[in-house]
Amino acid sequence: MEWTRSETLALASADCATCHGLGLVIGKRTESPCNCVLREVFRTCYRRFRYCVAKEKSMTKTSLQFTPGTDRRRAWGRKDEEYMADFVLVARRELAPKEYRVFNYHFLLGAGWALCSKKLEIDRGNFYHMIYRIEQKLGRVFRELEPYGLFPLEEYFSSTVETARPFVAPQTAAPDRLPVHPPLRRAA
Ligand SMILES: [Zn+2]
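What you see is a predicted model; the values in this text were computed from it and never measured.

## Things to note about the overall build of the protein
So, point 1. When helices and strands are counted, the protein shows 7 helices and 4 strands.
So, point 2. Put simply, the protein runs from its N terminus to its C terminus through helices and strands in the order α-β-β-α-β-β-α-α-α-α-α.
So, point 3. Every one of the 188 residues in the protein was classed for burial, and the buried ones make up 19%.
So, point 4. Of all intrachain contacts in the protein linking residues separated by at least 6 positions in sequence, the fraction that spans at least 24 positions is 48%.

Quick look at the structure:
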């Protein structure tokens, strides 16, 4: 997938010393998203995760979702619960074991740096360094995940994702004969 300037511009930090608020860093051959953009993607997804966790369970609802593919089946799903599961499962899959421990303590269990550094035996500087690295790593994955990323949230939570793959009617050969109609009974 490609990152566009119009997308990164909205996510970049205005006082970022690396991209100066543009959100893209120009490499030798390509442009890549700045770390401030990746962190903002993660933080947006994390805010939604916390919102889903704190939400009253009676407020969650089922929604009709389209299954991409040729059969275009539909299924009922609970998007909030699916999102929370995806958020944690993707983090578990993508992070190194030590990173996931920090992610678990800090982002899932809500421990601050003092408790994390004591429990994980890392100093404050290394703790925040790892937090930044986790945010950047997951921010990129959440955006670039195929076929559907967790970000942008409106696309994830949309139940009409199937529109990304337009329906093509199967080609049928033109009939070489006229259809046969049953003879009509003549009126007596
Ligand atoms: Zn930046």
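## Regarding helix α4 (residues 97-108)
So, point 1. Of the positions making up α4, those classed as buried are V102, F103 and F107. One face of α4 carries all of its buried residues, which in axial projection span an arc of 105 degrees. Set apart from the buried face of α4 by more than 90 degrees, the exposed residues are P97 and K98.
So, point 2. Just past α4, the residue G110 takes up positive phi, approximately 80 degrees.

## Topic: the environment of L38
So, point 1. Checked against the element boundaries, L38 lands in helix α2 (residues 35-54).
So, point 2. Counting along the chain gives 101 residues from L38 to G139, while the straight-line C-alpha distance between them is 4.6 Å.
So, point 3. Apart from residues no more than four positions distant in its own chain, L38 is found in contact with P33, E135, Q136, G139 and R140.

## Some points on the nonpolar core
So, point 1. Counting 24 residues, the largest nonpolar core has V37, V41, C45 and F142 as its most contacted members.
So, point 2. Within the residue set of this core, elements represented by two or more residues are α2, α3 (79-94), α4 and α6 (124-144).
So, point 3. With 7 residues, the top contributor of residues to this core is α2.
So, point 4. Here F142 is in contact with V41, F42, C45, V90, G149, L150 and F151, once residues within four sequence places are set aside.

## So, unusual backbone geometry
Trans is the prevailing form of peptide bonds, just as negative phi is the prevailing case for residues other than glycine.
So, point 1. At the junction of E146 and P147, the peptide bond is cis and its omega measures out at 0 degrees in the coordinates.
So, point 2. By secondary structure assignment, the location of P147 is in the loop between α6 and α7 (153-157).
So, point 3. The linkage connecting F151 with the following residue, P152, adopts the cis geometry, with an omega of 0 degrees.
So, point 4. Within the secondary structure layout, P152 lies in the loop between α6 and α7.
So, point 5. Located in the positive-phi region is H20, a residue other than glycine, with phi close to 55 degrees.

## Structural notes on α3
So, point 1. With 16 residues, α3 extends 22 Å from end C-alpha to end C-alpha; this agrees with the ideal 22 Å at 1.5 Å per step.
So, point 2. Among the residues of α3, those classed as buried are D80, F87 and A91. Angularly, the buried residues of α3 cover 20 degrees about the axis, an arc narrow enough to put them on a single face. Facing away from the buried side of α3 by more than 90 degrees, the exposed set consists of A85, L89, R92 and R93.
So, point 3. Packed against the buried residues of α3 are α2, α4 and α6.

## Concerning the packing of α2 against α3
If you want to describe how two helices pack, look at the angle between their axes and the distance between the axes.
So, point 1. Contact pair α2 / α3: the axes reach a minimum separation of 10 Å and the direction vectors enclose 130 degrees. Between α2 and α3, the angle is such that the two are oblique. For the crossing formed where α2 meets α3, the hand is left-handed. Judged by residue contacts, C45, R48, F49, C52 and V53 of α2 engage D80, Y83, M84 and F87 from α3.

## Notes on the packing of helix α5 (residues 113-120) against α6
So, point 1. Where α5 contacts α6, the axes come no closer than 10 Å and their chain directions differ by 105 degrees. Comparing the axis directions of α5 and α6 gives the class roughly perpendicular. Where α5 abuts α6, its residues W113, C116 and S117 lie against R124, F127 and Y128.

Each value, and the rule that gives it
Residues numbered from 1 in each chain as written. Predicted model: local features only at pLDDT ≥ 70, side-chain atom pairs only at ≥ 80, totals over all residues. Helix = DSSP H or I, 4+ residues; strand = E, 2+ residues; numbered from the N terminus. Buried ≥ 20, exposed ≤ 12 C-beta atoms within 10 Å, placed from the backbone. Contact = placed C-beta atoms within 7 Å. Arc of directions from axis to C-beta. Core = buried A, V, L, I, M, F, W, Y, C linked by C-beta atoms within 7 Å. Expected span 1.5 Å × (residues − 1). Axes fitted to C-alpha atoms, helices over the stretch in contact; angles between N-to-C directions. Parallel < 35°, antiparallel > 145°, perpendicular 65-115°, else oblique. Left-handed = near helix turned anticlockwise from the far one by under 90°.

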